[in-house]
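Structural characterization, general
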Amino acid sequence: MPIVSRRGLLAGTAAAGALAAAPGTAQAAATTVASGSKDRIGPGDARFQDLVQRGTNRRFVAKPEYARVVRSAEDAVDAVQEAVRTRKRIAVRGGGHCFEDFVDHSDVEVLIDLSQYDEVTFDERHNAFSIGAGATLETVYKALFYGWGVTVPGGGCLGVGVGGHFSGGGYGPLSRKYGSVVDHLYGVEVVVVDARGRARSVVATRDNRYSDLWWAHTGGGGGNFGVITRYLLRTPGVRGSDPAKLLPKAPARLLSNVLAYDWKTVTKAGFTRTLRNFFDFYEQHNAPDSPYATLYSPLILTHVSAGGFLLSTQLDADVPDADKLMKAFLAAMTEGVDPKPQLIDQGVGPFLQRTIQRSIAETTDPNRSKYKAGYLRKGYTDAQLDTIYTHLSDPSYSATEASVLLIPYGGKVNTVPPTATANVQRDVVAKMVTAVSWNDPAEDDKHLTWLRKLYQDLYRETGGVPVPNEINAGSYINYPDVDLADPKYNTSGVPWHDLYYGENYPRLRQVKKAWDPGNIFRHQLSIEPAE
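Residues numbered from 1 in each chain as written. Predicted model: local features only at pLDDT ≥ 70, side-chain atom pairs only at ≥ 80, totals over all residues. Heavy atoms only, no water.

As recorded in an unreviewed UniProt entry, the chain goes by FAD/FMN-containing dehydrogenase and comes from Kribbella amoyensis. Of the chain, the UniProt comment under Cofactor (unreviewed entry) reads exactly: "FAD". Turning to the chain, the UniProt record has this under Sequence similarities (unreviewed entry): "Belongs to the oxygen-dependent FAD-linked oxidoreductase family." (UniProt positions renumbered as here; feature names shortened; annotations may be inferred.)

Given below as structure tokens:
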């Protein structure tokens, strides 16, 4: 069976038989020694290689002239101003989990690193939680839960940085109950550059005069408008100043288990029935007030060469009839499937402890990878399920870290109007991520070809991409895929930005023009300023 690892949940994994509970050319520069936060860390500095190799996709490694580590908004203003003054191309790194080369691009000359700006506090001035953009989800979850007993519906990979995760519309195991992270975003502190090239820090909130900039960060993605230095979180409509009442209460306990499927005994009929059961269940239980609102069960479909695949499930143990609900779900998932998968009952555990145990573990040895994704308004057709089976069971291809991941979504997320935030997909039931990871650069073409063919075949009726229709709802900007902007792979005639942003793209372009008129902050899928 697959191991649930950092690569595992989003990329599938290996080990059969095991189961774990501004254009320019970068040039070399000598280190300029400065004091404090103004250090320009160049190739001659011992810190340089660690900073430039923090990204988790080894297909891309930055070669900037220097890096700056910022610890405050003031640091970020200084770093941005210096780069703009010297006409250097800027990239910003928080957690380092960007799937494409938006940070690690050959044109990047200045790398601004936010990893040390990670404080989680309560900001009495704004009556909201303040989270430094360099914080990881683990830091945030622990600080919020231990400090106030609250949480946010963020992701299950605890090493991910909030900088890009939040701004792209972050989601996770509690999103069907509490919505997207951006549904709790009250404000954002961001360093912007005006038409005169002047850098400054702005705090934009949902109810101040900079609310357009706030709105753009509720799903517009990172690297578009400026350097995000801090987030302010408070659930809309809450009253009072007690921090313990301003964000969702965390569950006290989680009930969890795993269904493990052995590829040696899985038939095509059993495979497709399992996927149909998954989609049917979540289509029938997608209301925000469903007793299954806290149910989260990603279906991790790894390639046959991995030995097996699994369904990893959790439920708030204190919802009424939790045991009964779990048993009914497992029965629905295994109905008509023969032979039945192995049930591994993990019992009940404390919320944070179980969350960490079930987290996608980080790796100190990142590999090469590629990701492609899509939103689903309903389950795939029988032909699409057949496509998934064909590619995952292909004996001519071997990759233990090749997968298709189906993730429950919707619920409370779908109660927010699509234009209320930049996160436009508000009528969905699930997300799909297909991915592959490998180590040898000589195998790049082999794995990229397999993944692209799977995706192209899956969406063959809509030009090789998830064009919005009865089933599809576009894709998720936090799983960026530059292929969507390439006519070689996107033959639909629908531009990439419509797949990610839909009807919200024109407004995002207006915000871009207003707040980044010089297009200082850009990458391969960045928002274009309005003309």
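Here the narrative resumes, following the displayed structure.
The next thing to look at is the sheet that holds strand 1 (residues 66–69). Reading across the sheet, the three strands line up as 1-3-2 and stay open at both edges, with parallel pairing between neighbours. If you trace the sheet from one side to the other, it starts and ends with strand 1 and strand 2 (90–93), each paired once. Averaged over all pairs of adjacent strands, the angle between strand axes in this sheet comes to 25°, irrespective of strand direction. Strands in contact with helix 3 (residues 73–85) are strand 1, strand 2 and strand 3 (110–113); relative to strand 1, the strand with the most contacts, it is inclined by about 160°. (Pairing = 2+ DSSP bridges. Helix = DSSP H or I, 4+ residues; strand = E, 2+ residues; numbered from the N terminus. Axes fitted to C-alpha atoms, helices over the stretch in contact; angles between N-to-C directions. Contact = heavy atoms within 4.5 Å.)

A separate point is the side chain of Asn286. For Asn286, the location among the structural elements is in the loop between helix 8 (268–284) and strand 10 (299–302). The class for Asn286 is buried, based on a relative accessible area of 17%. Residues in contact with Asn286, not counting those within four places in the same chain, are Arg176, Tyr409, Gly410, Gly411, Asn414, Val428 and Val429. (Buried < 20%, exposed > 50% of the residue type's maximum accessible area, 1.4 Å probe, protein only.)

Secondary-structure assignment places Ser398 in the loop between helix 11 (382–392) and strand 14 (402–408). Among the residues examined, Ser398 registers a relative accessible area of 42% and is labelled partly exposed. Along the sequence, Ser398 and Ala306 sit 92 residues apart, while their C-alpha atoms lie 8.5 Å from each other. Setting aside residues no more than four positions away along its own chain, Ser398 makes contact with His303, Ser305, Lys446 and His447.

The volume enclosed by the second largest pocket comes to roughly 310 Å³. Lining the second largest pocket are 22 residues, and of these Arg54, Gly94, Gly95, Ser115 and Glu362 lie nearest its centre. A per-element tally of the lining of the second largest pocket places helix 2 (residues 48–52) first, with three residues. Per-class residue counts for the lining of the second largest pocket are three nonpolar, 14 polar and five charged. Composition of the lining of the second largest pocket by domain shows at least three residues from each of domain 1 (39–250) and domain 2 (253–504). (1 Å grid on protein atoms, 1.4 Å probe; cavity = no way out; pocket = protein on both sides within 12 Å on 5 of 7 lines; lining within 4 Å. Points joined across faces, edges and corners; volume = space filled by probe spheres on them. Nonpolar A, V, L, I, M, F, W, Y, C, P; charged D, E, K, R; others polar. Domains from an automatic or database assignment.)

Further remarks concern the environment of Glu119. Counting through the fold element by element, Glu119 comes out in the loop between strand 3 and strand 4 (120–123). The exposure class assigned to Glu119 is exposed, which follows from its relative accessible area of 56%. For the pair Glu119 and Arg230, spaced 111 residues apart in sequence, the C-alpha separation works out to 9.1 Å. If sequence neighbours within four positions are ignored, Glu119 has contacts with Ser130, Ile131 and Gly132.

Under the defined criterion, the tally for this structure stands at zero disulfides. Cysteine Cys98 remains unbridged, with the sulfur of Cys157 as its closest cysteine sulfur at 14 Å. (Disulfide = S-S within 2.5 Å.)

This part takes up the pattern of salt bridges. Evaluation of the coordinates by the stated rule reveals 29 salt bridges. When the shortest N-O distance is used, the salt bridge between Arg452 and Asp483 registers 2.9 Å. Of this pair, Arg452 sits in helix 12 (residues 444–458) while Asp483 sits in the loop between helix 12 and helix 13 (496–501), and the two are 31 residues apart along the sequence. For Asp483, a relative accessible area of 3% gives the class buried. Taken together, the salt bridges that share partners define one network made up of Glu100, Lys370, Lys372, Arg452, Asp481 and Asp483. (Salt bridge = Lys/Arg side-chain N within 4 Å of Asp/Glu carboxyl O.)

Looking now at the pairing of strand 1. On strand 1, burial covers both faces: Tyr66 and Arg68 on one face and Ala67 and Val69 on the other are all buried. Pairing of strand 1 with strand 3, which is carried by four bridges, proceeds in the parallel orientation. The partner of Ala67 across the bridge, within strand 3, is Leu111.

This part covers the domain arrangement of the chain. Domain boundaries in the chain define domain 1 (39–250) and domain 2 (253–504). Inter-centroid distance (C-alpha atoms) of domain 1 to domain 2 is 26 Å. Across the contact, 46 residues belong to domain 1 and 48 residues belong to domain 2. Buried area between domain 1 and domain 2, summed over both chains or domains, comes out near 3,800 Å², and the portion from carbon and sulfur atoms is 60%. Contact with domain 2 buries area across many residues of domain 1, yet Phe99, Tyr171 and Arg176 alone supply 26% of it, more than any other trio. Here domain 1 is connected to domain 2 by two salt bridges. The partner of Arg426 in a salt bridge is Asp183, with the nearest N and O atoms 2.7 Å apart. Counting every contact that joins domain 1 to domain 2 gives 23 residue pairs in polar contact (both at pLDDT 80 or more). Contributing elements (two or more residues each) for the side of domain 1 that touches domain 2: helix 4 (137–148), helix 5 (162–167), helix 6 (175–178) and helix 7 (211–216). (Buried area = accessible area lost by both parts, 1.4 Å probe. Polar contact = N/O pair within 3.5 Å; in protein donor to acceptor, adjacent residues only side chain to side chain.)

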